[in-house]
Amino acid sequence: MISVIIPSYNSEKTIARCLLSLKTQTYEGEYEVIVVDSSVDRTPEIVKDRFPEVDFYHFEEKTDPGTARNYGVGKSHGRIICFLDSDCEASSDWLEQLISIHEAYPYEAVGGSVENGNEPDAEIAWAGYMAEFREFLPEYPAREVDHIPTCNISYKRSVFERIGLFDARFYPQEDLEFNYRLKQAGGKIFFNPSAKIFHHHRTDLRSFFAHQKRVGRITSQMLRRLPLEGASLARRRYLSLASAPLLPFVKWWRTVRIFRRWRKPLLVKHPLATGILLLGLFPWAWGFVQGAWAGLDETTARIGHHSHVE
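Notes on the structure in this doc start here. (Residues numbered from 1 in each chain as written. Predicted model: local features only at pLDDT ≥ 70, side-chain atom pairs only at ≥ 80, totals over all residues. Heavy atoms only, no water.)

### Brief notes about the overall build of the protein
Turning to step 1, where the next piece is worked out: When you go through the protein residue by residue, the secondary structure sums to 14 helices and 9 strands.
Turning to step 2, where the next piece is worked out: Across the 310 residues that make up the protein, the buried fraction comes to 56%.
Turning to step 3, where the next piece is worked out: Long-range pairs, those at least 24 residues apart, make up 78% of the contacts in the protein with a sequence separation of at least 6.
Turning to step 4, where the next piece is worked out: Of the roughly 13,900 Å² that the protein leaves accessible, carbon and sulfur atoms contribute 54%. (Helix = DSSP H or I, 4+ residues; strand = E, 2+ residues; numbered from the N terminus. Buried < 20%, exposed > 50% of the residue type's maximum accessible area, 1.4 Å probe, protein only. Contact = heavy atoms within 4.5 Å. Areas by Shrake-Rupley, 256 points an atom, 1.4 Å probe, with all protein chains shown as cover.)

### Looking at helix α7 (residues 174-184)
Turning to step 1, where the next piece is worked out: Listing the buried residues of α7 in full gives E174, D175, E177, F178, N179, Y180 and L182.
Turning to step 2, where the next piece is worked out: If you follow the buried residues of α7, they end up packed against α3 (65-75), β6 (109-116), β8 (152-156), α6 (157-163), β9 (189-199) and α8 (205-223).
Turning to step 3, where the next piece is worked out: Phi turns positive one or two residues past the end of α7, at G186, with a value near 95 degrees.

### What to know about unusual backbone geometry
Turning to step 1, where the next piece is worked out: The phi dihedral of N10 falls on the positive side, at around 50 degrees, and the residue is not glycine.
Turning to step 2, where the next piece is worked out: Inspection of the secondary structure puts N10 in the loop between β1 (2-8) and α1 (15-23).
Turning to step 3, where the next piece is worked out: The exposure class of N10 is partly exposed, given its relative accessible area of 32%.

### Considering the nonpolar core
A general feature of soluble globular proteins is that nonpolar side chains tend to end up buried together.
Turning to step 1, where the next piece is worked out: By size, the foremost hydrophobic cluster in this structure holds 83 residues, and its most contacted members are L19, L84, W94 and Y155.
Turning to step 2, where the next piece is worked out: Considering every element that reaches this core, the biggest residue donor is helix α13 (residues 271-293), with 7 residues.
Turning to step 3, where the next piece is worked out: Look past the residues within four positions of L19 in its chain and what remains in contact with it is I6, V33, V35, V47, F51 and V54. (Core = buried A, V, L, I, M, F, W, Y, C linked by side-chain atoms within 4.5 Å.)

### As for the packing of aromatic side chains
Turning to step 1, where the next piece is worked out: The full count for this structure, using the stated rule, is 21 aromatic pairs.
Turning to step 2, where the next piece is worked out: Aromatic side chains Y105 and Y107 sit 6.1 Å apart centroid to centroid with 50 degrees between the ring planes, which places their arrangement in the tilted category.
Turning to step 3, where the next piece is worked out: A relative accessible area of 12% places Y107 in the buried class.
Turning to step 4, where the next piece is worked out: Centre to centre, the rings of F208 and F209 are 5.8 Å apart; their planes meet at 40 degrees, and the pair counts as tilted.
Turning to step 5, where the next piece is worked out: We classify F209 as partly exposed; its relative accessible area is 25%.
Turning to step 6, where the next piece is worked out: Through a chain of ring-to-ring contacts, the aromatic side chains of F83, Y155, F160, F166 and F178 assemble into a single cluster.
Turning to step 7, where the next piece is worked out: Its end group placed over the ring of W284, K251 keeps NZ or CZ at 4.8 Å from the ring centre. (Phe/Tyr/Trp six-rings, centres within 6.5 Å; stacked < 30°, edge-to-face > 60°. Lys NZ or Arg CZ within 6 Å of the ring centre and 35° of its normal.)

### Observations regarding the pattern of salt bridges
Turning to step 1, where the next piece is worked out: Per the counting criterion, the structure on display carries 11 salt bridges.
Turning to step 2, where the next piece is worked out: One salt bridge connects E53 with K23, and the closest N-O pair in it is separated by 3.9 Å. One end of the pair, E53, is in the loop between α2 (43-50) and β3 (55-58); the other, K23, is in helix α1, and 30 residues separate them in sequence.
Turning to step 3, where the next piece is worked out: With relative accessibility at 46%, the residue E53 sits in the partly exposed group.
Turning to step 4, where the next piece is worked out: Ionic pairing is found between E103 and R79, a salt bridge with its closest N-O pair at 3.3 Å. One end of the pair, E103, is in helix α4 (residues 94-104); the other, R79, is in the loop between α3 and β4 (80-84), with 24 residues separating them in the sequence.
Turning to step 5, where the next piece is worked out: The exposure class assigned to E103 is exposed, which follows from its relative accessible area of 55%.
Turning to step 6, where the next piece is worked out: In this structure R79 comes out as partly exposed when scored by relative accessible area, which is 44%. (Salt bridge = Lys/Arg side-chain N within 4 Å of Asp/Glu carboxyl O.)

### A look at the packing of α8 against α13
Turning to step 1, where the next piece is worked out: The contact between α8 and α13 brings their axes to 6 Å, and the two run at 40 degrees. In terms of their interaxial angle, α8 and α13 are classed as oblique. By crossing handedness, the relation of α8 to α13 is classed as right-handed. Along the contact surface, α8 presents L205, F208, F209, Q212, K213, V215, G216, R217, T219, S220, Q221 and L223, while α13 presents I276, L279, G280, P283, W284, W286, G287, F288, Q290, G291 and A292.
Turning to step 2, where the next piece is worked out: Grouping the amino acids of the contact of α8 with α13 by side-chain chemistry returns 12 nonpolar, 9 polar and 2 charged. (Axes fitted to C-alpha atoms, helices over the stretch in contact; angles between N-to-C directions. Parallel < 35°, antiparallel > 145°, perpendicular 65-115°, else oblique. Left-handed = near helix turned anticlockwise from the far one by under 90°. Nonpolar A, V, L, I, M, F, W, Y, C, P; charged D, E, K, R; others polar.)

### Section: the packing of helix α5 (residues 123-132) against α8
Turning to step 1, where the next piece is worked out: As a packed pair, α5 and α8 sit with axes 10 Å apart at the nearest point and diverge in direction by 10 degrees. In terms of their interaxial angle, α5 and α8 are classed as roughly parallel. α8 is crossed by α5, and the crossing has left-handed handedness. Between α5 and α8, the contacting residues are I124, A127, G128, A131 and E132 on the first element and L205, F208, H211 and Q212 on the second.
Turning to step 2, where the next piece is worked out: A per-class count over the contact of α5 with α8 returns 5 nonpolar, 3 polar and 1 charged.

### Re α3
Turning to step 1, where the next piece is worked out: Within the sequence span of α3, burial applies to G66, T67, A68, R69, N70, G72 and V73.
Turning to step 2, where the next piece is worked out: Among the structural elements, β1, β2 (31-37), β4, α6 and α7 are those in contact with the buried residues of α3.
Turning to step 3, where the next piece is worked out: At the N-terminal end of α3, a side-chain oxygen is found 3.1 Å from the backbone nitrogen of G66, two or three residues along, and the residue is D64. (Polar contact = N/O pair within 3.5 Å; in protein donor to acceptor, adjacent residues only side chain to side chain.)

Geometric descriptors of this kind do not, in isolation, establish any biological role.
Structure (structure tokens):
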């Protein structure tokens, strides 16, 4: 048995396509699909009416993705637990690509690549894609890595028994903290680019800016705890403040350089997206500074009302 867990919040525009992509998998083994939802839109009705085979759990209080995934793990039966987001669609061989690596090699975690699932002319969405998934392009070679996001990763059940569950305090980067703990415990993560998913991104400029600010804030919060690249900057408050005007340009250039090497036609086709990306990195930098100056308890309090499941 394999388990697929999907956290969901107000997913009425994407949940049907997400679940349909799981119904057409080439994987021939048995698998269950679990949706943990806290929506106030039509998501529950869509799932119950169109996908009665899905194990659906709904909570009245808004629940962050990490907490929802933790609940799903508790309800799952699979020897391997796969994670997909409600705003994503899986390629038809997604499960087959993940499970084949698990069966052939002793990796504790196997994940795949992320492609943009929005319309070709959605420039804000392309900016969001470049900002968030530059390290998980389908063009990259298969290899061992330190991190793959929970929109496209699978773990052996034993991982959760060894190191525990996701820490909701670090939303939206609780997966980075979890994978760091896994690596510290001796676990290995394998990136298989053939296990592809299509991620739908924000298309509203204000929402894009707000999300980038939140990511920047949590990034610096985590870097104050974890010895990853950028930790020295996040741990020095005045240095983070002084470098804030330069951070957007540095991050933008590093991102553009990656896409120029691995997917140059995208930059040629979407020059506006690269400009929107640069604009979005200014709220990201301001969030980074805020996270460097704030305490972890403040972040916990900010998201604590999203972390309760009954």
